[in-house]
Amino acid sequence: MAKTVAIEFQYFEVCCLNDKTKTEFKYDFQKWLNKILDEADALDSRIKEIGGIKGRLEKIDMVLNDEFYVLNFMRMEEISNTYIVRENERAQHIDLEDDEYIGRSTVVLYDPRVNVAMIQRNRGGYGVSAIESYVNSFNSSDDLCYFRPINDEFKDSGRDGAFLKLDVRFANIRNFKAYKSKAFEKVIDACNDLECLTAHLEIGLGRAKGEELNAETIQEAILDIRDPRNRENISTAKIKYTDDQKAEIFDLFDNLVHDIIYFTVPSRGELAFTDMAERMAKQYDEQSRAKILNILRE
């Protein structure tokens, strides 16, 4: 029986930092890919072990009429903690030969026209920092690649919509200062009366339809939350906002642009690299690319 799995993908701009001059510019990732294909075409020549993580770039392909690259990074684990389990037998450990590994893949889509990477979040696979280290293991210190997160920062000015929820966790409410928000001032006074250190404030509308929070009050609260003097006093802060077309949740500190794609995986089968690549390209091209381009232009 097939199952549906949700996989998250995050977006990054592929940048370069010259280690000597500290100058930042766009990284030519397409040039790096051509270098790998020319100089390290054999799979064993692509294997790198950096910071205790061993792996390789398993496959490079093109999708959507050769418009985007798709890459399959494979993390190679020597320690096997994997078993085959039958319903009426004891579990059997999967032993590895000297040249065998447990592989965990991470799929990346790359748009060479705007230098944007769409990276799968996969626990146990290659993370973003591991991919950076892998890429840079082929480079000189004058040409270091890094993936800059693309953040969709919430800007309420010029927006035509409504606030639906404010959710704030205070790490130290005793040190939080309300410079603009009278509402926060009252919350702090109440918490000081209780002599608490941490607090969780969630203000919303429940299931009420057609209603919204007071925009002026919420905007004042956002100014206090984002005030640099209060940053260490807040763990997380999110708002839910609607523009009458859809409701979105914004992280007021780190709102990394991301997508969640639902895949149908056959029972006891594989979620194939080609299937992932095609769905990623479709999502990026039809849904996310325009939004990302607008953010990068700002």
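One can find the structure itself at the top, above this paragraph.
Just so it is clear, the structure is predicted and the values come from calculations on it, not from any experiment.

Parameters at a glance
Residues numbered from 1 in each chain as written. Predicted model: local features only at pLDDT ≥ 70, side-chain atom pairs only at ≥ 80, totals over all residues. Heavy atoms only, no water. Helix = DSSP H or I, 4+ residues; strand = E, 2+ residues; numbered from the N terminus. Buried < 20%, exposed > 50% of the residue type's maximum accessible area, 1.4 Å probe, protein only. Contact = heavy atoms within 4.5 Å. Areas by Shrake-Rupley, 256 points an atom, 1.4 Å probe, with all protein chains shown as cover. Pairing = 2+ DSSP bridges. Axes fitted to C-alpha atoms, helices over the stretch in contact; angles between N-to-C directions. Salt bridge = Lys/Arg side-chain N within 4 Å of Asp/Glu carboxyl O. Phe/Tyr/Trp six-rings, centres within 6.5 Å; stacked < 30°, edge-to-face > 60°. Lys NZ or Arg CZ within 6 Å of the ring centre and 35° of its normal. Polar contact = N/O pair within 3.5 Å; in protein donor to acceptor, adjacent residues only side chain to side chain. Core = buried A, V, L, I, M, F, W, Y, C linked by side-chain atoms within 4.5 Å.

(A) Broad picture of the overall build of the protein chain. For the protein chain, the helix and strand inventory stands at five helices and 15 strands. Referenced to the eigenvectors of the C-alpha coordinate spread, the extents of the protein chain come out at roughly 65 × 60 × 35 Å. Looking at the protein chain as a whole, 38% of its 298 residues are labelled buried. Counting contacts in the protein chain only where the partners sit at least 6 residues apart, residues at least 24 apart contribute 67% of the total. When the accessible area of the protein chain is evaluated, it comes to approximately 18,100 Å², of which 43% is carbon and sulfur surface.

(B) Looking closely at the environment of Asp 285. The residue Asp 285 is located in helix H5 (residues 273–297) in this model. A residue is classified by how much of its surface remains accessible, and Asp 285, at 33% relative accessible area, is partly exposed. Note: C-alpha distance between Asp 285 and Glu 67 (218 residues apart in sequence) is 9.9 Å. Not counting residues within four places of it along the chain, the set of residues in contact with Asp 285 comprises Leu 64 and Phe 68.

(C) The arrangement of the sheet that holds strand E14 (residues 247–251) in detail. The four strands are arranged E12-E11-E13-E14 in an open sheet whose pairing can be described as antiparallel. Since the sheet does not close on itself, it has two edges, and those belong to strand E12 (199–204) and E14, each with one partner. Geometrically, the sheet is characterised by an average inter-axis angle of 10 degrees between neighbouring strands, direction not taken into account. Two elements, strand E13 (residues 234–242) and E14, share five bridges in a ladder whose sense is antiparallel. Looking across to E14, one finds that Ile 239 is bridged to Phe 250. Contacts between helix H4 (residues 215–226) and the sheet are confined to strand E11 (162–170) and E13, with E11 contributing the most and set at about 35 degrees to the helix.

(D) Structural context of the pattern of salt bridges. Summed over all chains, the structure comprises 14 salt bridges. We note a salt bridge from Arg 289 to Asp 111, for which the minimum N-O separation is 2.8 Å. Within this pair, whereas Arg 289 is found in helix H5, its partner Asp 111 is found in strand E8 (residues 102–111), the two being separated by 178 residues in sequence. Judged by relative accessible area, which is 0%, Asp 111 ranks as buried. Of the charged contacts, one joins Lys 282 and Glu 286 as a salt bridge, the two residues approaching to 3.1 Å between their closest N and O atoms. Of the two residues, Lys 282 and Glu 286 both sit in helix H5, four residues apart, roughly one turn of that helix. Owing to a relative accessible area of 46%, Lys 282 belongs among the partly exposed residues under this scheme. Residue Glu 286 is classed as partly exposed on the basis of its relative accessible area of 48%.

(E) Examining the packing of aromatic side chains more closely. Applying the stated rule across the entire model yields 19 aromatic pairs. Note on Tyr 27 and Phe 29: the rings are 6.4 Å apart at their centroids and 45 degrees apart in plane angle, and the pair reads as tilted. The exposure class assigned to Phe 29 is buried, which follows from its relative accessible area of 1%. For the pair Tyr 69 and Tyr 110, a centre-to-centre distance of 6.3 Å together with 35 degrees between the ring planes defines the contact as tilted. Taken together, the residues span a long stretch of sequence, with Tyr 69 in strand E5 (residues 68–77) and Tyr 110 in strand E8 at a distance of 41 residues. The same class applies to Tyr 69 and to Tyr 110, which are both buried. Taken together, the aromatic side chains of Phe 12, Tyr 27, Phe 29, Trp 32, Tyr 69, Phe 73, Tyr 110, Tyr 126, Tyr 134, Phe 138 and Phe 147 make up a single cluster linked through ring pairs. Geometry around Phe 138 places Lys 48 over its ring, the cationic atom sitting 4.5 Å from the centre.

(F) Quick look at the side chain of Asn 233. Tracing the backbone through its elements, the reader meets Asn 233 in the loop between H4 and E13. A residue is classified by how much of its surface remains accessible, and Asn 233, at 7% relative accessible area, is buried. In terms of polar contacts, Asn 233 uses its side chain to reach the backbone carbonyl oxygen of Asn 175, at 3.2 Å. Filtering out sequence-adjacent residues up to four positions away, Asn 233 remains in contact with Phe 170, Ala 171, Asn 172, Asn 175 and Phe 176.

(G) The side chain of Arg 75, seen in detail. Along the chain, Arg 75 turns up in strand E5. For Arg 75, the side chain forms a polar contact with the side chain of Glu 77, separated by 2.9 Å. In this structure Arg 75 touches Ile 53, Lys 54, Gly 55, Ile 102, Gly 103, Arg 104, Gly 124, Gly 125 and Tyr 126, once residues within four positions along its chain are discounted.

(H) Here's a closer look at the nonpolar core. Counting residues in each nonpolar core, the largest one holds 27 residues, and the members touching the most others are Phe 29, Trp 32, Leu 33, Leu 57 and Leu 71. Setting aside anything within four residues of it in sequence, one finds Phe 29 in contact with Val 14, Leu 71, Tyr 110 and Val 135. The next biggest cluster of nonpolar side chains, apart from the first, holds 24 residues, and it includes Val 168, Ile 188, Ala 237 and Phe 250.

None of this, on its own, says anything about what the molecule does.
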